[in-house]
Amino acid sequence: MSEVIVVTSGKGGVGKTTTSANVGTGLARMGKKVCLIDTDIGLRNLDVVMGLENRIVYNLVDVVEGNCRVKQALIKDKRNPTLYLMPSAQTRDKSAVTPEQMVKMIGHLKEQFDYIILDCPAGIEQGFKNAIAGADRALVVTTPEVSAISYSDSIIGLLEASDFKKIDLALNRLRYDLVKRGDMMSSSDVVDILAIPLIGIVPDDENIVISTNQGEPLVGNGTPAGIAFQNICQRVLGKEVPFMDFQKGISFWTRVTGIFHKV
Amino acid sequence: MKRFFRRKSSKEIAKDRLKILLISDRVNCSPEMMEMIKADIAKVISKYMKIDAKSMEVQISKTGIKGGRNMKTPTLYANIPIIDLNQ
């Protein structure tokens, strides 16, 4: 039974693409057949984060317009044999695809994959409607900032109006030093406000920048963010994983980086 | 410690702002209108008892009694501290 998950947030730049790439890669490493779909037509993104930008031949718009078969557009990941990417077109605008076409294409992909992860564009327009059309589960990504949370609230409202049964919250870029000082909302504050279940907390981690530079998702590689994404993958699969002990985690982490800074 | 007593932490400010913002977003009701509703409620209750109008809270939430977001009916909660019952 395959599951279609849309990764969305409303506000741009909170980490949708990073989350999509890492959750997709993580699930593939756990042996699942995963297809990542970049639905941000006109502003492709996911292929770059995955480091697959040089391999694109056909894209999503080619598939829905019938210029190629679905299989021809899918790009196999560099490292994980069960991970595929459907890139988006850079030259077209969002009206090139309709929600009906998305549903049809996802229906086709469902036969071959365990998980289909849709990277949703920012905003609540056509691109958002396309991305949520074929999905049965949503992962809302937010950062602990007023603007991102207020956006997320609207998005959650829209998802509920479209009868999503499962909506989970991924809190990204949390800084424990600020939370401790009372200058950043904690995970419980955010959950309090948005009132949906928390699927993961990803700490603010400079390794994300490094991993994006290299075009290699960092899930499961022992960095704080890598561990956090690994845990999200486990929870997506329905496993109970305790949330990281952040106080301890951060002090340990600063100790480690502290050593490197000294050297 | 001094700092702690002097002002709210920025996190508290963010949380308070968000609560008001989201309530008006969710029920399509502006913060000004909420203030007007609050003032009117205070006026009516003050006829019968002495209340602490400054610390009263009025909220419209969609969450309802169950506390889930799926409760579709918005509910108005008013939290009014009473100073003196027999005025």
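Located above this text is the structure these notes cover.
Rules of the game
Residues numbered from 1 in each chain as written. Chains lettered and ligands numbered in written order. Predicted model: local features only at pLDDT ≥ 70, side-chain atom pairs only at ≥ 80, totals over all residues. Heavy atoms only, no water. Helix = DSSP H or I, 4+ residues; strand = E, 2+ residues; numbered from the N terminus. Buried < 20%, exposed > 50% of the residue type's maximum accessible area, 1.4 Å probe, protein only. Contact = heavy atoms within 4.5 Å. Pairing = 2+ DSSP bridges. Axes fitted to C-alpha atoms, helices over the stretch in contact; angles between N-to-C directions. Core = buried A, V, L, I, M, F, W, Y, C linked by side-chain atoms within 4.5 Å. Salt bridge = Lys/Arg side-chain N within 4 Å of Asp/Glu carboxyl O.

Draft legend 1. Expanded view of the overall build of chain A. Across its full length, chain A carries 12 helices and eight strands. Put simply, chain A has 263 residues, and 54% of those count as buried. Sequence separation of at least 24 residues holds for 73% of the intrachain contacts in chain A that already meet a minimum separation of 6.

Draft legend 2. Summary view of the sheet that holds strand β1 (residues 3-8) of chain A. Residues and elements named next belong to chain A. In space, the eight strands of this open sheet follow the order β3-β4-β2-β5-β1-β6-β7-β8, with mixed pairing throughout. Two strands close off the open sheet at either side, each with one partner strand: β3 (75-76) and β8 (198-203). Inspection of the sheet shows β1 paired to strand β5 (residues 115-119) by five bridges, in the parallel sense. Paired with Val7 across the strands is Asp119, a residue of β5. Across the sheet, helix α9 (residues 187-194) is in contact with β6 (137-142), β7 (166-174) and β8; its angle to β7 comes to roughly 145 degrees.

Draft legend 3. Spatial organisation of the nonpolar core. Residue and element names in this part refer to chain A. If you look at the biggest cluster of nonpolar residues, it comprises 53 residues, and the most contacted ones within it are Val6, Ile37, Leu60, Met86, Met105, Leu109 and Leu159. The greatest single-element share of this core, amounting to five residues, is contributed by helix α7 (residues 146-161). Not counting residues up to four positions away in its chain, the partners in contact with Met105 are Ile37, Leu60, Val63, Val64 and Met86. Residues Ala21, Ile117, Ala225 and Ile232 belong to the second largest nonpolar core, which totals 33 residues.

Draft legend 4. Up close: the pattern of salt bridges. Residues and elements named next belong to chain A. The final tally for this structure, using the stated rule, is 12 salt bridges over all chains. Residues Asp168 and Arg137 are paired through a salt bridge, measuring 3.4 Å at the closest nitrogen-oxygen approach. Taken as a pair, Asp168 in strand β7 and Arg137 in strand β6 lie far apart in primary sequence, 31 residues in all. Like Arg137, Asp168 is buried. Residue Arg181 is joined to Asp183 by a salt bridge in which the shortest nitrogen-to-oxygen separation is 3.3 Å. Here the salt bridges share partners, and the residues they tie into one network are Glu3, Arg137, Lys166 and Asp168.

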